[in-house]
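Listed below are the residues making up each chain.
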Amino acid sequence: MDSLAHPTENQTGFPIPAGVFAETVTDVEHYTDRMFRFRITRPQSFRFRSGEFVMIGLPNADKPIFRAYSIASPAWDEELEFCSIKVPDGPLTKHLQKIVPGDTILMRRKSTGTLVLDALLPGKRLYMLSTGTGIAPFASLIRDPETYEKFETVILCHTCRTAAELTYGEALVKRLREDPLVGELARDHLIRYATTTREPTSRMGRITKLIENGRLFEDLDMPRLSPDEDRVMICGSMDMLADCKTLCQSFGLEEGANNRPATFVVERAFVD
Ligand code: A2P
C-alpha cells in the first residue's frame, strides 16, 4: 500500500495535501554546515528515470512550500536519496536541514527532468559537470547500469568550495566500486574528477576554467570536447549552468531535450 495522501493529520498537526506522497525519513547525514543528504521511504508505485527530479516539501503549513530536488538514488533502489544545501533563511531548507529519521517528507507524484540518458544522442564519453549539490542527479546515473551500456567512459566532474563538500561524492564512488550490481562497470568505466576552489587540495579550479585551459583533458589524457564523441550533462548554480552551456556551444555541442536528443543537457539545481 502506498502512503499516498489521504487528507490526514501528521505529527506536525497540518494536513497532508491530497495527491501527494507522505514518506518517512530513514537516514540523514550532514557533511558541512552547507550540505547534507537524506533518505526516505519509496512509494511502491513511484517510478522515475535516473537523473530526474521531484518536488519535495514538509508538512509544516496548510500550503507547504515545494522545491525541485534531483533524486540521487538509482531507479532500482528501494529508498529515495536526496542531497540538499542549507540556507539559513531558505523557506524550505531552514526547516529541512533539521529533519531526523522518522519525520515525514512530502513528495509530489510526478518526476521529470532533462538530465536523462534519453535526451542525449549516442556517444563515446559522457561528461557529468557538477558543482555543490548539483552532483545529485549524477549520483543516480552513475549507479544505473544503462549509463555504462550507452557510454564507454563516464567522467564525473564535481567542484566544491571545500574538501569537506566533496565527501559525499568521494564516498559514493568508493561504495559504488564495491557494489555487487554495478561495481565492475564503475571500476572499468567511471572516472571521478574532483576539484576545490576555496581550499587548497591536490586539484583546484572551477571546471569551466579547467575545460577552457585544457587542463581537464590533459589530466584525463583525453581529447578536447567534440560533438562527434562527447556528450555533456550539466547541473549546478544558475551562473555555472550558463557558463558551462556557453562553453559546450563553443565546442560545437548542441543542447538536447527529451523529445529532441542532442549532445549536451542542462538542469537547474538551485534550491533555497
Ligand atoms: P568559486 O568558489 O570560485 O565561486 P556554490 O557553493 O557557491 O554553489 O559553489 C560551488 C562551486 O561552484 C564552487 O567551487 C564555485 O567556485 C563553483 N562555481 C560558482 N560559480 C561558477 C561558475 N559560474 N562556473 C563554474 N563554477 C562555478
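Basis of the calculations
Residues numbered from 1 in each chain as written. Predicted model: local features only at pLDDT ≥ 70, side-chain atom pairs only at ≥ 80, totals over all residues. Heavy atoms only, no water. Near = heavy atom within 4 Å. Polar contact = N/O pair within 3.5 Å; in protein donor to acceptor, adjacent residues only side chain to side chain. Areas by Shrake-Rupley, 256 points an atom, 1.4 Å probe, with all protein chains shown as cover. Helix = DSSP H or I, 4+ residues; strand = E, 2+ residues; numbered from the N terminus. Nonpolar A, V, L, I, M, F, W, Y, C, P; charged D, E, K, R; others polar. Buried < 20%, exposed > 50% of the residue type's maximum accessible area, 1.4 Å probe, protein only. Arc of directions from axis to C-beta. Pairing = 2+ DSSP bridges. Axes fitted to C-alpha atoms, helices over the stretch in contact; angles between N-to-C directions. Core = buried A, V, L, I, M, F, W, Y, C linked by side-chain atoms within 4.5 Å. Phe/Tyr/Trp six-rings, centres within 6.5 Å; stacked < 30°, edge-to-face > 60°. Expected span 1.5 Å × (residues − 1).

S.K.: Provide a residue-level description of the site of the ligand, including the pertinent values.
M.R.: The local shell around the ligand consists of R34, T131, T159, C160, R161, T197, R198, R206, T208, D239, M240 and D243. Within the backbone of C160, a nitrogen or oxygen atom sits 3.3 Å from an oxygen atom of the ligand. R198 has a polar side-chain atom sitting 2.6 Å from an oxygen atom of the ligand. Protein contacts shield 83% of the accessible area of the ligand, which totals 560 Å² for the unbound molecule. Of all the secondary structure elements, the ones that give two or more residues to the shell around the ligand are strand 8 (153-160) and helix 8 (238-250). Top contributing element to the shell around the ligand by residue count: helix 8, with three residues. Grouping the constituent residues of the shell around the ligand by class yields two nonpolar, four polar and six charged.

S.K.: Break down helix 4 (residues 167-177) for me, citing the residues and quoting the values.
M.R.: Buried residues of helix 4: Y168, G169, L172, V173 and L176, and no others. One side of helix 4 carries all its buried residues, which in axial view fall inside an arc of 120°.

S.K.: Before we move on, can you summarise the sheet that holds strand 4 (residues 66-70) with the specific residues and values?
M.R.: With antiparallel pairing, the six strands of this open sheet are ordered in space as 4-3-6-1-2-5. One side of each edge strand has no neighbouring strand; the edge strands of this open sheet are strand 4 and strand 5 (79-85). Taken pair by pair, the neighbouring strands of this sheet meet at an average axis angle of 40°, ignoring direction. Sheet topology places strand 1 (residues 20-30) next to strand 2 (residues 35-41); five bridges connect them, and they run antiparallel. Of the residues in strand 2, the one forming a bridge with H30 is F36.

S.K.: So, the nonpolar core: which residues are in play, and what are the values?
M.R.: Judged by nonpolar contacts, the single largest core of 31 residues is most densely connected at I142, Y168 and L190. Secondary-structure elements contributing two or more residues to this core are strand 7 (125-131), helix 2 (136-141), strand 8, helix 4 and strand 10 (230-236). Among the nonpolar cores identified, the runner-up in size contains 24 residues, and I207, L210, C248 and V266 belong to it.

S.K.: I'd like a rundown of unusual backbone geometry, residues and numbers included.
M.R.: Outside of glycine, negative phi angles account for most residues, and trans bonds account for most peptide bonds. One non-glycine residue with positive phi stands out, namely D221, at about 60°. Within the secondary structure, D221 sits in the loop between helix 7 (215-220) and strand 10. The class of D221 is exposed, set by a relative accessible area of 69%.

S.K.: Lay out the pairing of strand 6 (residues 104-108) in plain terms, naming residues and giving numbers.
M.R.: The buried fraction of strand 6 is high, at four of five residues. Pairing of strand 1 with strand 6, which is carried by five bridges, proceeds in the antiparallel orientation. If you follow E23 over to strand 6, its bridge partner there is I105. Across two bridges, the pairing between strand 3 (residues 53-57) and strand 6 is antiparallel. Note that in strand 6 the partner of I56 across the bridge is M107.

S.K.: Before we move on, could you go through the packing of aromatic side chains and cite the residues and values that matter?
M.R.: Enumeration according to the criterion identifies nine aromatic pairs in this entry. A centroid spacing of 6.1 Å and a plane angle of 75° characterise the contact between Y127 and F217, whose relative ring orientation is edge-to-face. In this pair, Y127 is assigned in strand 7 and F217 in helix 7, connecting sequence segments 90 residues apart. Overall, Y127 belongs to the buried group, its relative accessible area being 1%.

S.K.: I'd like a rundown of helix 8, residues and numbers included.
M.R.: Over its 13 residues, helix 8 runs 19 Å from end to end, which matches the ideal 18 Å to within 8%, given 1.5 Å per residue. Those residues of helix 8 that fall on the buried side of the exposure criterion are M240, L241, C244, L247 and C248. For helix 8, the angular spread of buried residues about the axis comes to 130°, placing them on one side. Turned more than 90 degrees away from the buried face of helix 8, the exposed residues are D239 and S250. In the segment just after helix 8, G252 is the residue with positive phi, at about 90°.

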